[in-house]
Amino acid sequence: QVQLVESGGGLVQAGGSLTLSCAASGRTFIGYTMGWFRQAPGKEREFVAAISSNGGRTKYADSVKERFTISRDSAKNTAYLQMNNLKPEDTAVYYCSAGFGWPESAVPTGYDYWGQGTQVTVSS
């Protein structure tokens with residue numbers, strides 16, 4: 001079992017920045033692909049970003065490319081999502097996830113563990 005706890009959400013004005021953190025505990029963090037997803041009210045959960053188990057590969061949704069950066073610190077068992085130039089349409093609950101597959105890393109079914117989510121609200 002892996003437990004994931006997100007933090008760092010909040011209210012920010014458009015154009016601002018936030019950094020989300022995802023602290024992992026339980027089984028070793030090193031072997032997992034880590035992902036970030038988000039879900040806005042009335043919408044399905046959508047992929048935001050993923051990073052491979054060794055940190056060597058990343059992928060992003062087109063809507064966040066050039067604005068968001070995913071990273072991980074295996075020594076701290078923590079994954080991060082740096083979000084810059086935030087837009088009102090980025091408003092959602094952001095979820096951290098952990099899984100084993102890289103090809104499946106852009107879909108929710110590719111992940112075995114999920115955090116409880118953290119709210120990000122971007123005002124215009």
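Parameters and conventions
Residues numbered from 1 in each chain as written. Predicted model: local features only at pLDDT ≥ 70, side-chain atom pairs only at ≥ 80, totals over all residues. Heavy atoms only, no water. Pairing = 2+ DSSP bridges. Helix = DSSP H or I, 4+ residues; strand = E, 2+ residues; numbered from the N terminus. Axes fitted to C-alpha atoms, helices over the stretch in contact; angles between N-to-C directions. Phe/Tyr/Trp six-rings, centres within 6.5 Å; stacked < 30°, edge-to-face > 60°. Buried < 20%, exposed > 50% of the residue type's maximum accessible area, 1.4 Å probe, protein only.

With that settled, the discussion passes to the sheet that holds strand S1 (residues 2-7). The four strands are arranged S1-S3-S8-S7 in an open sheet whose pairing can be described as antiparallel. Single-partner strands in this sheet number two, and they are S1 and strand S7 (68-73). Within this sheet the neighbouring strands show an average axis-to-axis angle of 15 degrees, counted without direction. Bridge count between S1 and strand S3 (residues 18-26): six bridges; the pairing is antiparallel.

Within the fold, Glu89 resides in the loop between strand S8 (78-83) and strand S9 (92-99). Sequence separation between Glu89 and Ser123 is 34 residues, and the spatial gap between their C-alpha atoms is 9.3 Å.

This brings us to the pairing of S3. Bridging between S3 and S8 involves six bridges; their strand directions are antiparallel. Counterpart to Leu20 in the pairing with S8 is Leu81.

Counting across every chain of the model gives six aromatic pairs. Judged by centre distance (5.4 Å) and plane angle (80 degrees), the ring pair of Phe37 and Tyr111 falls under edge-to-face. Note that Phe37 is positioned in strand S4 (residues 33-39) and Tyr111 in the loop between S9 and strand S10 (113-114), a separation of 74 residues in sequence. By relative accessible area, Tyr111 is classed as buried at 6%. Centre to centre, the rings of Tyr111 and Trp114 are 6.0 Å apart; their planes meet at 65 degrees, and the pair counts as edge-to-face. The structure contains a cluster of three or more aromatic residues connected by ring pairs, namely Phe37, Phe47, Tyr111 and Trp114.

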